[in-house]
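The chain contents come next:
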Amino acid sequence: MTGSTRQQEIKDAFIAARGYWDDAWDAVLQLDPEFLQAYLDFAGVPARKNHLDAKTRELIGLAVNAAVTHLHLPAVRQHIRAALQAGATPEEIMEVLECTATLSIHAMNVGVPVLTEVLAERGIRTEPAPLNEYQERLKHEFTVNRGYWNPTWDEMLELDPELFEAYTAFSSHPWKNGSLSPKMREFIYTAFDTSATHLYKVGLKLHIENALGYGATIGEILEVMEIASSIGMQSVTLAAPVVLAEAAALGKRPTQQAPAS
């Protein structure tokens, strides 16, 4: 098999599996077609295992790439297009984005315990204060709206109830107005918490527990993680076109033959 024939074979397999092709992938194909094939095999594991349906896989991919810790617009567009083609509605896609927007509250989930640690070291706050009636009401509202309570919220509720109240309304909006299942929403939180650009273990454990409580299987949760695990390839798709452009400027060509048209 000639180089160009093998490249065309890999390109055809990619399009059959992913449903699209663009210049970034063409650059990877020119520079290292067998690496592209290895990526295709790796990223294709969730679809081959098929614990999640195609629409769900695309919505999970969207959450990972739209997360504020990642923000990879080319993949965001690809996953939105593929999700619509798989039957998702614009409202479902918006709901995924609304759930994904809650990631930023982790500034408080991480920061407030550090604040309480420093306060304890200085003798300013030696133990949690009892909740007042307002705080108890907020705790109840969060539990009803979000379907759970976890000690990760205790210190924020105690020290900053006003923000906690606003966050409860913000994060509860898709739960009160959306159409995705509770399990699907927990998959979204799991996806961006396990992503390489976030790796928020506290939230990841919590949302896995919640997903299992809503009936998720081990295979489904693993598939969410598998989808998140493929974003490392974006190092290649971002840089490969630059490699070709800079090499061409210096009159250097890749040794691989161009794929057949």
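Heads up: the structure comes first, above all this text.
What you see is a predicted model, and the numbers here were worked out from it, not measured in a lab. (Residues numbered from 1 in each chain as written. Predicted model: local features only at pLDDT ≥ 70, side-chain atom pairs only at ≥ 80, totals over all residues. Heavy atoms only, no water.)

Counting its secondary structure elements, the chain contains 15 helices and 0 strands. Across its three principal axes, the chain shows a C-alpha extent of roughly 75 × 40 × 30 Å. Here the chain holds 261 residues, and 43% of them are scored as buried. In the chain, the proportion of contacts linking residues at least 24 apart, taken out of those at least 6 apart, comes to 71%. Within the structure as shown, the chain displays about 13,600 Å² of accessible surface, and the carbon and sulfur contribution to it stands at 59%. (Helix = DSSP H or I, 4+ residues; strand = E, 2+ residues; numbered from the N terminus. Buried < 20%, exposed > 50% of the residue type's maximum accessible area, 1.4 Å probe, protein only. Contact = heavy atoms within 4.5 Å. Areas by Shrake-Rupley, 256 points an atom, 1.4 Å probe, with all protein chains shown as cover.)

Here we come to a nonpolar patch on the surface. A cluster of nonpolar side chains, Val110, Val114 and Val118, forms an exposed patch at the surface whose accessible area comes to about 210 Å². Relative to the helices and strands, Val110 resides in helix α8 (residues 106-121). We classify Val110 as partly exposed; its relative accessible area is 46%. (Patch = residues over 30% accessible without salt bridge, like charges linked within 9 Å, V, L, I, M, F, W, Y side chains within 5 Å. Salt bridge = Lys/Arg side-chain N within 4 Å of Asp/Glu carboxyl O.)

Pairing between side chains becomes possible if they bear opposite charge and their charged atoms approach one another. On inspection of all chains with the given rule, the structure shows 10 salt bridges. Of the charged contacts in the structure, one is a salt bridge between Lys49 and Glu226, with a shortest N-O distance of 2.5 Å. Placement of the pair is Lys49 in helix α4 (residues 45-49) and Glu226 in helix α14 (residues 218-228), with a sequence separation of 177 residues. What makes Lys49 partly exposed here is its relative accessible area of 35%. For the salt bridge of Glu95 with Arg185, the shortest nitrogen-to-oxygen distance reads 2.8 Å. Here the residue Glu95 occupies a position in helix α7 (residues 90-100), and Arg185 occupies one in helix α12 (residues 182-194), the gap between them amounting to 90 residues.

Next up on the list: the nonpolar core. Leu59, Ile60, Val96, Met184, Phe187 and Ile188 are the most contacted members of the largest nonpolar core, which has 32 residues in total. At the level of secondary structure, the elements contributing two or more residues to this core comprise α5 (54-66), α6 (73-85), α7, α12, α13 (201-213) and α14. With sequence-adjacent residues up to four places away left out, Leu59 is seen in contact with Ala83, Ala88, Ile93, Val96 and Met184. Judged by nonpolar contacts, the second largest core, of 13 residues, contains Ile10, Leu29, Tyr39 and Ala240. (Core = buried A, V, L, I, M, F, W, Y, C linked by side-chain atoms within 4.5 Å.)

Let us look at empty space enclosed by the protein. According to the stated counting rule, one finds 1 cavity of 30 Å³ or more in the structure shown. Here the largest cavity is characterised by a volume of approximately 130 Å³. In terms of lining residues, the largest cavity is bounded by 16 residues, among which His106, Asn109, Tyr148, Trp153 and His207 are the most central. Among the elements that line the lining of the largest cavity, the one with the most residues is α13, at 4 residues. A breakdown of the residues in the lining of the largest cavity according to their chemical character gives 9 nonpolar, 6 polar and 1 charged. (1 Å grid on protein atoms, 1.4 Å probe; cavity = no way out; pocket = protein on both sides within 12 Å on 5 of 7 lines; lining within 4 Å. Points joined across faces, edges and corners; volume = space filled by probe spheres on them. Nonpolar A, V, L, I, M, F, W, Y, C, P; charged D, E, K, R; others polar.)

There is about 810 Å³ of room inside the largest pocket. Arg18, Tyr20, Tyr39, Glu58 and His79 are the residues nearest the centre of the largest pocket, which is lined by 36 residues in total. Mapped onto the lining of the largest pocket, the elements with two or more residues apiece are α1 (3-18), α2 (23-31), α3 (33-43), α4, α5, α6, α14 and α15 (234-249). Its residues assigned to classes, the lining of the largest pocket comprises 19 nonpolar, 11 polar and 6 charged.

Turning our attention to the packing of α5 against α6. The interhelical angle for the contact between α5 and α6, taken along N-to-C directions, is 160°, at an axis separation of 8 Å. Relative to α6, α5 is oriented roughly antiparallel. Judged by the sense of rotation from one axis to the other, the crossing of α5 with α6 is left-handed. Note on element contacts: α6 touches α5 through Ala75, Val76, His79, Ile80, Ala82 and Ala83, opposite Lys55, Glu58, Leu59, Gly61, Leu62, Asn65 and Ala66. Of the residues contributing to the contact of α5 with α6, the split by class is 8 nonpolar, 3 polar and 2 charged. (Axes fitted to C-alpha atoms, helices over the stretch in contact; angles between N-to-C directions. Parallel < 35°, antiparallel > 145°, perpendicular 65-115°, else oblique. Left-handed = near helix turned anticlockwise from the far one by under 90°.)

Right, let's talk about the side chain of Asn210 for a bit. Mapped onto the secondary structure, Asn210 falls in helix α13. Looking at Asn210, the relative accessible area reads 13%, which means it is buried. Not counting the four nearest positions on each side in its chain, Asn210 is found in contact with Tyr148 and Glu186.

Moving on, we get to the packing of α12 against α14. Orientation of α12 relative to α14, taken along the N-to-C sense of each, is 40°, at an axis distance of 9 Å. On the basis of the axis angle, α12 is oblique to α14. Between α12 and α14 the crossing geometry is right-handed. Between α12 and α14, the contacting residues are Lys183, Phe187, Thr190, Ala191 and Thr194 on the first element and Glu220, Ile221, Val224, Met225 and Ala228 on the second. A class-by-class count of the residues in the contact of α12 with α14 yields 6 nonpolar, 2 polar and 2 charged.

In short, the description is geometric, and any link to function would need to be established separately.
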